[in-house]
Amino acid sequence: MPTTNKQTLSWDSLWTNVHLATLADGDSYGEIPDAAIAVRDGRIAWLGPRAELPAGHDSKVEYDGAGCWLTPGLVDCHTHIVYAGNRSAEFEARLNGASYEDIARSGGGIMSTVRATRAATEQALYDASVPRVRALLAEGVTTLEIKSGYGLDFATEAKMLRVARRIGVDLPVHVSTTFLGAHALPPEYADAPERYLDSVCDQMLPALAAEGLVDAVDAFCEKIGFSAAQTERVFQAAQRHGLPVKLHAEQLSDQGGAALTARYRGLSADHLEYLSQSGIDAMAEAGTVAVLLPGAFYFLRETMLPPLAALRTARVPIALSTDCNPGTSPMTSLLLVMNMACTLFRMTPLEALAGVTNNAAAALGLQHEIGSLAVGKRADFALWAIDRPGDLAYGIGGNPCRWVVNAGRRRGRDAIAADRQSGA
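Note that this is a predicted model, so its numbers are computed, not measured.

*Asks:* Describe the overall build of the chain, with residues and values.
*Replies:* Across its full length, the chain carries 15 helices and 17 strands. Its C-alpha atoms give the chain a radius of gyration of 21 Å, within 12% of the compact-globule value 22 Å for 424 residues. The contacts in the chain between residues at least 6 apart in sequence include a share of 71% that link residues at least 24 apart. As presented, the chain carries roughly 16100 Å² of accessible surface, and 50% of it is formed by carbon and sulfur atoms.

*Asks:* For helix α5 (residues 154-170), give the residues involved together with the corresponding values.
*Replies:* One full turn of an α-helix is made of 3.6 residues, so residues set three or four places apart face in the same direction. Helix length check: α5, at 17 residues, gives a terminal C-alpha distance of 24 Å against a target of 24 Å (1.5 Å per residue), a fit within 8%. By the burial criterion, the buried members of α5 are T156, E157, A158, K159, M160, L161, V163, A164, I167 and D170. Residues of α5 that are buried in the fold lie against α3 (110-119), α4 (122-137), β8 (141-147), β9 (174-182) and α6 (193-210).

*Asks:* Tell me about the nonpolar core, residues and numbers included.
*Replies:* One finds I167 and L272 to be the most contacted residues of the largest nonpolar core, which totals 98 residues. A total of eight residues in this core trace back to one element, the largest contributor, which is helix α12 (residues 334-345). Counting the residues that make up this core, at least three belong to each of domain 1 (10-73 + 373-419) and domain 2 (74-363). Of all hydrophobic cores here, the second largest spans 17 residues; its members include W15, L20, A35 and I44.

*Asks:* Describe the domain arrangement of the chain, listing the residues and the values that go with them.
*Replies:* Taken domain by domain, the chain comprises domain 1 (10-73 + 373-419) and domain 2 (74-363). Put simply, the middle of domain 1 and the middle of domain 2, counted by C-alpha atoms, are 30 Å apart. When the two sides are added together, the surface that domain 1 and domain 2 hide from each other amounts to roughly 2200 Å², 61% of it contributed by carbon and sulfur. The interface formed by domain 1 and domain 2 includes one salt bridge.

*Asks:* Which residues make up the environment of T288, and what values go with them?
*Replies:* Mapping T288 onto the fold places it in the loop between α9 (277-286) and β13 (289-292). The exposure class assigned to T288 is buried, which follows from its relative accessible area of 0%. Separated by 21 residues in sequence, T288 and L267 have C-alpha atoms that sit 5.3 Å apart. Non-local contacts of T288, meaning those with residues more than four positions away in its chain, are made with T261, A262, R265, G266, L267, S268, A269, M283, V316 and P317. A distance of 2.9 Å separates a polar atom in the side chain of T288 from the backbone oxygen of G266.

*Asks:* Hey, could you go over the packing of α5 against α6 for me, with residue numbers and the actual values?
*Replies:* Look at α5 against α6: their axes get within 10 Å of each other, and the N-to-C directions meet at 30°. Between α5 and α6, the angle falls in the class roughly parallel. For the pair α5 and α6, the crossing hand works out as right-handed. In this structure, α5 contributes F154, E157, A158 and L161 to the contact, and α6 contributes M204, A207 and L208. Across the contact of α5 with α6, the residue classes break down as six nonpolar, no polar and one charged.

*Asks:* Report on the sheet that holds strand β12 (residues 268-271), specifying residues and quantitative values.
*Replies:* Spatially, β11-β12-β13-β14 is the arrangement adopted by the four strands of the open sheet, whose pairing is parallel. Of all the strands in the sheet, the pair left with one neighbour each is β11 (246-249) and β14 (318-320). Between one strand axis and the next, the sheet turns by 25° as a mean value, whatever way the strands run.

*Asks:* Which residues make up the UniProt feature "binding site: N-formimidoyl-L-glutamate" (unreviewed entry) in the chain, and what are the values?
*Replies:* According to UniProt, the positions carrying the feature "binding site: N-formimidoyl-L-glutamate" (unreviewed entry) are Y150, N325 and G327. Across 178 residues in sequence, these annotated residues keep their C-alpha atoms within 11.6 Å of one another, forming a single compact spot. Inspection of the secondary structure puts N325 in the loop between β14 and α12. Residue classification places N325 among the buried residues on the basis of a relative accessible area of 4%. When sequence neighbours within four positions are dropped, the list of residues in contact with N325 reads H80, Y83, Y150 and P330. Engagement of the side chain of N325 in a polar contact is seen with the backbone oxygen of D323, the distance being 2.7 Å.

*Asks:* Which residues make up the packing of aromatic side chains, and what values do they have?
*Replies:* As enumerated under the stated definition, the model contains nine aromatic pairs in all. Geometrically, the ring pair formed by Y83 and Y150 is edge-to-face, given 6.5 Å between the ring centres and 80° between the ring planes. With Y83 in the loop between β7 (74-76) and α1 (88-95) and Y150 in the loop between β8 and α5, this residue pair connects regions lying 67 residues apart in the sequence. For Y83, a relative accessible area of 8% gives the class buried. The buried category is assigned to Y150, whose relative accessible area is 2%.

*Asks:* Can you explain the pattern of salt bridges? Please cite residues and give values.
*Replies:* Counting across every chain of the model gives 22 salt bridges. Notably, a salt bridge pairs D218 with K147, separated by 2.8 Å at the nearest N-O pair. You can see D218 sitting in strand β10 (residues 216-219) and its partner K147 sitting in strand β8, a full 71 residues away along the chain. With relative accessibility at 1%, the residue K147 sits in the buried group. With its nearest N and O atoms 2.5 Å apart, the salt bridge here joins D198 to R233.

*Asks:* I'd love a proper account of the pairing of β9, names of residues and values included.
*Replies:* Every other side chain in a regular strand lies on the same face of the sheet, so the side chains alternate between the two faces. With respect to burial, β9 is a largely interior element, eight of its nine residues being buried. Across five bridges, β8 lies against β9 in parallel orientation. What sits directly across from T143, in β9, is H174. Considered for its hand, the β-α-β crossover made up of β9, α6 and β10 is right-handed.

About the cut-offs
- Numbering of residues starts from 1 in every chain and runs along the sequence as written.
- Note on the predicted model: pLDDT of at least 70 is required for a residue's local features to be given, and 80 or more for side-chain atom pairs to be given and counted; whole-chain, interface and lining totals, by contrast, use all residues.
- As a rule here, side-chain values cover all heavy atoms of the structure and leave hydrogens and water aside.
- In this description a helix means any DSSP run of H or I spanning at least four residues, a strand means any run of E spanning at least two, and both kinds are numbered starting from the N terminus.
- Here the globule rule reads 2.2 Å times residues to the power 0.38, and the radius of gyration is calculated from C-alpha atoms.
- In what follows, a contact means two residues having at least one pair of non-hydrogen atoms within 4.5 Å.
- Note that accessible areas follow from Shrake-Rupley with a 1.4 Å probe, and for residues the cover is restricted to the protein chains shown.
- Take the residue count of a helix, subtract one, and multiply by 1.5 Å to get its expected span.
- When accessible area is computed with a 1.4 Å probe and restricted to protein chains, residues below 20% of their type maximum are described as buried, those above 50% as exposed, and intermediate ones as partly exposed.
- Working definition of a nonpolar core: buried Ala, Val, Leu, Ile, Met, Phe, Trp, Tyr and Cys residues. They are joined through side-chain atoms within 4.5 Å.
- Each domain span listed reflects an automatic or database assignment of domains.
- Joining two parts hides part of their accessible area as seen by a 1.4 Å probe, and the buried area is that hidden amount summed over both.
- Whenever Lys or Arg places a side-chain nitrogen within 4 Å of a carboxyl oxygen from Asp or Glu, that contact is recorded as a salt bridge.
- Counting of polar contacts relies on pairs of N or O atoms within 3.5 Å, with two restrictions inside protein: one atom must be capable of donating a hydrogen and the other of accepting it, and residues adjacent in sequence are counted only when both atoms are side-chain atoms.
- Helix axes are fitted to C-alpha atoms over the stretch in contact, other axes to C-alpha atoms as well, and angles between N-to-C directions run from 0 to 180 degrees.
- By the definition adopted for this analysis, an angle is roughly parallel if under 35 degrees, roughly antiparallel if over 145, roughly perpendicular if from 65 to 115, and oblique otherwise.
- Note: crossing handedness is left-handed where the near helix turns anticlockwise from the far helix by less than a right angle, and right-handed where it turns clockwise.
- In this classification, Asp, Glu, Lys and Arg are treated as charged, Ala, Val, Leu, Ile, Met, Phe, Trp, Tyr, Cys and Pro as nonpolar, and every other residue, Gly included, as polar.
- Strand pairing is defined by DSSP finding a minimum of two bridges between the two strands.
- UniProt positions are given in the numbering used here, feature names are shortened, and annotations may be inferred rather than shown by experiment.
- Two aromatic rings, drawn from Phe, Tyr or Trp (for Trp, its six-membered ring), form a pair once their centres lie within 6.5 Å of each other, and the interplanar angle then sorts them: stacked below 30 degrees, edge-to-face above 60, tilted otherwise.
- For crossovers, right-handed means that the path from the first strand over the helix to the second runs clockwise, given strands pointing away from the viewer.

Right, dumping it as structure tokens:
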């Protein structure tokens, strides 16, 4: 049955001749063929079969969806998309036999990007980041998480987060920001990790939070990053400021990071190739989302698969993301992520689409606002020239997105990619 906003049948826009994949039920696409969807004040006001449109409805503008499929706007819930520099030389080094850890310990890896990002002006950093963001938007992305973590000092971390906020103002995308000060140990603190964490927890985070630049807090819990005990210090600091946590966990080894995140009721634990059953059980109990990142898995030629079957059995929500970053996942296509998740991780197309919509929204704590099509939610959706929803995970290299709607405002994919006017 259609759902009706009881307050009014006067709408700002109405889309008809569309097939809906509402993703309202995690066990199905939530298909409504030959449907309509109405928008008022940037939110969904009505949706259902077109034949059941209520009598007496009135819309300022009506769009013909030309038989396209309409899904929730896609959500890229784990990115490092604001950065400067290039690490193609490290890619070549890995192909010549160097490991990710070898490169990191020799001063490359994250620190290479830190040096470039520290040196970049705020405007240069913005200019370098915008094309990457536009590539995502042209594929139906309407919400984007952006992490800091390539500054490792207050000035650069603040610069990155200001750029992230500006992207959310200038471009048609909702941006959720994450402070990742505990990403790596900067050279000026090479022999003093606890003193660096003092800076992260007692200086950077309070100041950045006071400026309104932080929506969540993250860390890299790994042998080449920070221990579980050190990560807990960061989580405690986030807790003091009322900020939710998430974690780069169990990517290269099992450090117990997922269970730690669950203990703090974290939004998500991400990567998870080396996730244990105890970590899975803790995440299931806490409602922590598992964010899988097939781009990094592919790019690093990882052989340990995330424990997908065990995550399914435990009913842990599984999200997907690009992990867009210069060193281990230089990709700006959630559609390719969906295909990789199906081919590399053996996820189903339904799981993949849920992973970039409602589960990705949950990984940002935004599941009540976005991620599925339902009355009252923000009118973020994308129209696709496809025969069935599963086609989104099927193709490689194509882009069937025709229109993107952000808070009720229609934007053609080509306009998103090309238009450089602020707020357009």
